[in-house]
Each structure stands twice: as structure tokens, then as C-alpha cells.
Amino acid sequence: MCKEEKEIKQPIQTIGVLTSGGDAPGMNAAIRAVVRTALSKGLNVWGIRRGYHGLLREELFPMNWRDVSDIIQRGGTILQTARSKQMRTEEGQLKAAGVLKKYGIQGLVVIGGDGSFAGAQKLSQYGINVIGVPGTIDLDIACTEYTIGFDTAANTAMEAIDKIRDTSTSHDRCSVVEVMGRDAGYLALWCGIANGAERVLLPEQHGYDEQAIIDDIIENRARGKKHYIIINAEGVGDSINMAKRIEEATGVETRASILGHMQRGGSPTVKDRVYASVMGSKAVDLLVEGKTNRVVGYKHGEYLDFDINEALKMHKEIPEYEVDLARKL
Ligand code: F6P
């Protein structure tokens, strides 16, 4: 039996929890579930502020039941978050494992995206039991159909786009609305369908035909259509220049709106509160069962867990049926 397996067999007494990467609505629900599930099982819990960055600076504090009162409805993360360059280095990873050991933390729940799981994977190699919980508004984690925050962000973006459409129609304008998502087009695609946009531009499609859009706007205008909404994914970008080019070519006043960080804030939807709670709780169950290097996911109506190494290798495709649907409708 290797050293790592021996360590895994020891029952967990003390765990830590951190949020890492971009914040996402619902992270607080996950933190609350981690803390309360762990306390119910008789474990000690340390909260770690500002993700791995805070871990490396020993920003740890013991958490009790009341520390997570009145947070399930709040956006952001009470633990705060950061992106840590140091954690990408071997030196940083060793130091982080050392801090966890110093505080007697045998198990760590990491709520974040793929980058955060890569850090967790390293900690697991240094003898810390780690469980990842997928938290990102981008929905770009391959092993899961659900990530904490996507539902709220999609609803927030949808409402903002409805509002843009009102003013766009009043002024007979075309609107290019840029939504977040980094290199993934899920937010854009969902808004495309939910907002009934005329066009959706996705990074997964590797380019788009601007002349076809221009022709379409001119044709729509001739038919008396008062607005034209283009939802542009952040991964395609260039919205401001795109709007200028479209206005010049069509003669139709065109405005660009970049929704930006407002999509990451706000009170989580019921879905984000409930799924995040289940996932947070499941992460603690897995630690208590002696599991490590796993990530919680949701697939085909079930909460599952996957090996982090495998999960990081998985690839996620944008669903073609929905892409076609956005085009057709
Ligand atoms: O990953 C979440 C996300 O909001 C992406 O959609 C976006 O590209 C990025 O984070 C923005 O990061 P930052 O808050 O560091 O500007």
C-alpha cells in the first residue's frame, strides 16, 4: 500500500473550504452546506479566505453553524475569492499543502472551476484529501451539465437583454450584446434562445459570416422589423467594432452593450441554491467516505463524482441541437 493510500484511510476530523477563481451566485449556498454537513458529522471546519491566495497567506478561520447563517440568498462568496499565480508553481503547491497540514486539515473542499481543480489535484498528490465542487457562470466544466452560478447568470443576462430589446425597438436600432463565458458559448447560447435573438455568435463556431448578418439586417429592415439583437459571446468579442462596422454597412443605428461583471452578481436562483447545497453536502460525504481527488458533477439527472484527473481531460461540446434551434427560432 502506498503512502497516499494509508493517509486516505485515516478518518477525517478536520476539513477546510475555499472558493477560487471567478465568484458565482450560489457559492454561498455551497459553503453553507459544506460547513453544516461537516459540523453535523462532528468534523471541525476551517474557512479559507481568498482561495489559494489566502491559503498561502494563512487566511484561515474556524467556522461554526452561525457563520453561515443568512448567506444562502446572497450573491458572491462570503469567503471571497482570487486567482493565484503562485498556486500554479510546485513551490506554491507544496507551501499550500504545508499550511493545510499545519492547521490539521486533512480534507479540503475547493469550490471553483477547472483551474481551481488543477490546484486541488496537486494538493491531493501531497497527501491532502480534496473534493472539487464546480462553481462558474461559464458552464465550461466538461464532467458536469450543471455548474454553480450559471443559472443565475443566464437569468441576469436574459433580463438585461430583454431591457436592451425594449430600447432597441423604440429607436429602430440593432444591438450587439456581449455576454460573459470566457472561451465557452453556453451563456450566449442560452440567452440566444431565451431572448429570441436574431443572431448568436459562439466561440465554438470559430468565426462567423458578418456579411450574412449585414444582409439579414437590411432584409429585416425592409420587412419592417424594428430591432435586431445579436448576442455575442465574450470568446468572440470585438463587440464595439462589430457594432460600428454593422452600422456603417447597413445604415441602421447600432449599439454595443457589454454586460460584464453584473452577470456574476445577484441573489442566486432556486436552482443555484438547491444544486449548490446538494453538491456542497455531497463533497463532505465523499471526504468522510475517505475519497480524494474527486469532483462532484451532475449528469443525466444524477449527482455523481469523477476522478479529477479524468475530469480535467474531458472535453465538452456545445450542443448542436440547441445551436440549430437558436438559428431556426
Ligand atoms: O470565469 C468566469 C468569468 O466571469 C468569465 O466569464 C470571464 O471571462 C472571467 O471570469 C472574467 O474574469 P475577471 O473577473 O478576472 O475579470
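These numbers come from a predicted model, not from an experiment.

Draft legend 1. Region of interest: the packing of aromatic side chains. Counted by the stated rule, this structure contains six aromatic pairs. Judged by centre distance (4.9 Å) and plane angle (65°), the rings of Y298 and Y303 are edge-to-face. A relative accessible area of 15% places Y298 in the buried class. Here the aromatic cluster, defined as three or more aromatic residues joined through ring pairs, consists of Y146, Y275, Y298 and Y303. A cation over an aromatic ring shows up here: R49 above the ring of F61, its NZ or CZ 4.0 Å from the ring centre. Geometry around Y321 places K328 over its ring, the cationic atom sitting 6.0 Å from the centre.

Draft legend 2. Representation of the side chain of D272 in the model. Inspection of the secondary structure assignment puts D272 in helix α10 (residues 270-288). Look at D272: it is buried, it has no salt bridge, and the nearest opposite charge is K271 at 7.2 Å. In this structure the side chain of D272 is engaged in a polar contact, spanning 2.6 Å, whose partner is the side chain of Y146. Within the structure, the side chain of D272 is placed 3.0 Å from the backbone nitrogen of G149, a separation counted as a polar contact.

Draft legend 3. Region of the structure containing the sheet that holds strand β3 (residues 60-62). The seven strands are arranged β3-β2-β1-β4-β5-β10-β11 in an open sheet whose pairing can be described as mixed. Each end of this open sheet is capped by a strand with a single partner; those strands are β3 and β11 (302-307). When strand polarity is set aside, the average angle formed by the axes of neighbouring strands in this sheet is 25°. Across six bridges, the pairing between strand β4 (residues 107-112) and strand β5 (residues 129-134) is parallel. In the sheet register, V110 faces β5, and the bridge partner there is G132.

Calculation criteria
Residues numbered from 1 in each chain as written. Predicted model: local features only at pLDDT ≥ 70, side-chain atom pairs only at ≥ 80, totals over all residues. Heavy atoms only, no water. Phe/Tyr/Trp six-rings, centres within 6.5 Å; stacked < 30°, edge-to-face > 60°. Buried < 20%, exposed > 50% of the residue type's maximum accessible area, 1.4 Å probe, protein only. Lys NZ or Arg CZ within 6 Å of the ring centre and 35° of its normal. Helix = DSSP H or I, 4+ residues; strand = E, 2+ residues; numbered from the N terminus. Lys, Arg positive; Asp, Glu negative; His and termini not counted. Salt bridge = Lys/Arg side-chain N within 4 Å of Asp/Glu carboxyl O. Polar contact = N/O pair within 3.5 Å; in protein donor to acceptor, adjacent residues only side chain to side chain. Pairing = 2+ DSSP bridges. Axes fitted to C-alpha atoms, helices over the stretch in contact; angles between N-to-C directions.

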